[in-house]
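Understanding the architecture of this molecule
Chain by chain, the residues:
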Amino acid sequence: MGPTISVAERRLHERMLAGDAGALAELYDQFGSVVFGVALRVTTDRQAAEDITQAVFLDLWHSPQRFDPGRGLLRPWLATVAHHRGVVWRRRQQAAQRCDLDDGRTHLDQVVADIGETVESVLMAERVRLAVAALPEEERVPIRLAYFGDRTYRQVARDLDIPEATIRSRIRTGLGRTAKALLSELVEPKT
Amino acid sequence: MEHDAVWDLIGVYALDACDQDENEAVEAHMADCADCEAEAARLREIAGWIGVSEATTPSVELRSKLLDQAERRVGPE
């Protein structure tokens, strides 16, 4: 799926495994914006997003073997880790303040897109964005609500007044369709 | 949790959108089921790429804070 791991990325990971602090700095320079961006999007809290960003990189620094270069690229992997931590933070937050209904989503208007990404990854992220945008609404909406909204699929089902099993299957189908669209595009690249 | 039930949850699991107990059940099952584990990895990568489009530059201070914490030898640049 997507671009294969580059020699540079593999080497960077090997240096992490060897405990090279310079590699951590490089890693952060390349991927800090992805980790922070995802964490900010999920938590809508700058301080929490910074804490999560630190934790994600320190974690990888202490346990670099957690990333398996045979299974994909660092960038989406880091995004996934940041997302997971963001969700954990948010749920803890929600449990602590069940009655606070302001989710602070308006802060997101101030978020500026990062331009320091590599061209290949920008293209891949753009392809994913287009592939998701091209999904039928009934799949796209629950995917976005589940991933970026502060909701479990059960809450999404309730909000959209759709059975939980249907939501599960639509999200599954939509993600699979996105994967397939990317794959076919990679096999037959558009000019 | 049965294989079919886990298989049914894998999409929402990949989006971190399960309940806590479901998360744990999915992970427990995946430890013994290569099919579910592979499918989750495939869908998680897509989810990761959806997240990548959100990249945002953090504050400058965060970099030196992180590197300080990682190893004292590497100070702010």
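Residues numbered from 1 in each chain as written. Chains lettered and ligands numbered in written order. Predicted model: local features only at pLDDT ≥ 70, side-chain atom pairs only at ≥ 80, totals over all residues. Heavy atoms only, no water.

This paragraph deals with helix H2 (residues 20–30) of chain B. Every buried residue of H2(B) is accounted for by Glu22(B), Asn23(B), Ala25(B), Val26(B), His29(B) and Met30(B). When H2(B) is viewed along its axis, its buried side chains cluster within an angular range of 165° and face the same direction. Residues of H2(B) that are buried in the fold lie against helix H7 (153–160) of chain A together with helix H1 (3–14) and helix H3 (34–52) of chain B. (Buried < 20%, exposed > 50% of the residue type's maximum accessible area, 1.4 Å probe, protein only. Helix = DSSP H or I, 4+ residues; strand = E, 2+ residues; numbered from the N terminus. Arc of directions from axis to C-beta. Contact = heavy atoms within 4.5 Å.)

Contact geometry of helix H3 (residues 46–62) of chain A with helix H4 (residues 60–70) of chain B gives a least axis separation of 10 Å together with a crossing angle of 35°. Read as a crossing pair, H3(A) and H4(B) show a hand that is right-handed. Taking contact as the criterion, the partners of Glu50(A), Thr53(A), Gln54(A), Phe57(A), Leu58(A) and Trp61(A) in H3(A) are, on H4(B), Leu62(B), Lys65(B), Leu66(B), Gln69(B) and Ala70(B). For the contact of H3(A) with H4(B), the per-class residue count stands at 6 nonpolar, 3 polar and 2 charged. (Axes fitted to C-alpha atoms, helices over the stretch in contact; angles between N-to-C directions. Left-handed = near helix turned anticlockwise from the far one by under 90°. Nonpolar A, V, L, I, M, F, W, Y, C, P; charged D, E, K, R; others polar.)

Turning our attention to the environment of Glu27(B). Residue and element names in this part refer to chain B. Tracing the backbone through its elements, the reader meets Glu27 in helix H2. Residue Glu27 is classed as partly exposed on the basis of its relative accessible area of 40%. In the structure, Glu27 is positioned 14 residues away from Tyr13 in sequence and 9.4 Å away in space, judged by C-alpha atoms.

This part covers the environment of Ala25(A). With respect to the helices, strands and loops of the structure, Ala25(A) is situated in helix H2 (residues 21–43). Note on Ala25(A): relative accessible area 7%, which makes it buried. Residues contacting Ala25(A), with those up to four places away along its chain left out, are Arg63(B) and Leu67(B).

With 61 residues of chain A at the interface, the matching set in chain B holds 44 residues. Taking both partners together, chain A and chain B bury about 4800 Å²; carbon and sulfur atoms supply 61% of that area. At the junction of chain A and chain B, the tally comes to 6 salt bridges. Salt-bridge contacts for Asp19(B) lead to Arg154(A); the nearest nitrogen and oxygen are separated by 2.4 Å. Elements with a minimum of two residues in the side of chain A that touches chain B: H2, H3, helix H4 (74–96), helix H5 (119–133), helix H6 (137–147), H7 and helix H8 (164–187) of chain A. The leading source of residues in the side of chain A that touches chain B is H2(A), at 13 residues. Looking at the side of chain A that touches chain B, its residues break down into 33 nonpolar, 14 polar and 14 charged. (Buried area = accessible area lost by both parts, 1.4 Å probe. Salt bridge = Lys/Arg side-chain N within 4 Å of Asp/Glu carboxyl O.)

With that out of the way, let us pick up the pattern of salt bridges. With the rule as written, the count across this model stands at 17 salt bridges over all chains. The partner of Glu54(B) in a salt bridge is Arg41(A), and the shortest N-O contact between them spans 3.1 Å. On the criterion of chain membership, the pair formed by Glu54(B) in the loop between H3 and H4 and Arg41(A) in helix H2 is interchain, its members lying in two chains. Look at Glu54(B) and you get buried, because its relative accessible area is 16%.

Moving on, we get to the confidence of the model for chain B. All names here are of chain B. When pLDDT is averaged across chain B, the result is 88; 92% of the residues are at 70 or more. Model confidence for chain B, summarised as mean pLDDT per element, is weakest for H3 at 90 and strongest for H1 at 95. Low confidence marks residues 73–77, where pLDDT is under 50. Its contacts with residues over four positions away, or in another chain, come to 7 contacts. (pLDDT = per-residue confidence, 0-100.)

This brings us to the state of the cysteines. All names here are of chain B. Inspection of the entire model under this criterion finds 0 disulfides over all chains. Free of any disulfide, Cys33 has its nearest neighbouring cysteine sulfur in Cys36, separated by 3.7 Å. Assessed through its relative accessible area of 0%, Cys36 is described here as buried. (Disulfide = S-S within 2.5 Å.)

Residues and elements named next belong to chain A. Per the counting criterion, the structure on display carries 3 aromatic pairs over all chains. Taken together, a centroid distance of 5.3 Å and an interplanar angle of 65° make the contact between Phe67 and Trp77 edge-to-face. With a gap of 10 residues between them, Phe67 in the loop between H3 and H4 and Trp77 in helix H4 connect regions that are remote in the sequence. Here Phe67 falls in the buried class, since its relative accessible area comes to 2%. (Phe/Tyr/Trp six-rings, centres within 6.5 Å; stacked < 30°, edge-to-face > 60°.)

All names here are of chain A. Averaged over every residue, the pLDDT of chain A is 82; the share at 70 or more is 81%. The least confident element of chain A is H5, whose mean pLDDT is 80; the most confident is H7, at 96. Confidence over residues 99–117 falls short of pLDDT 50; this stretch has 26 contacts with residues more than four positions distant or in other chains.

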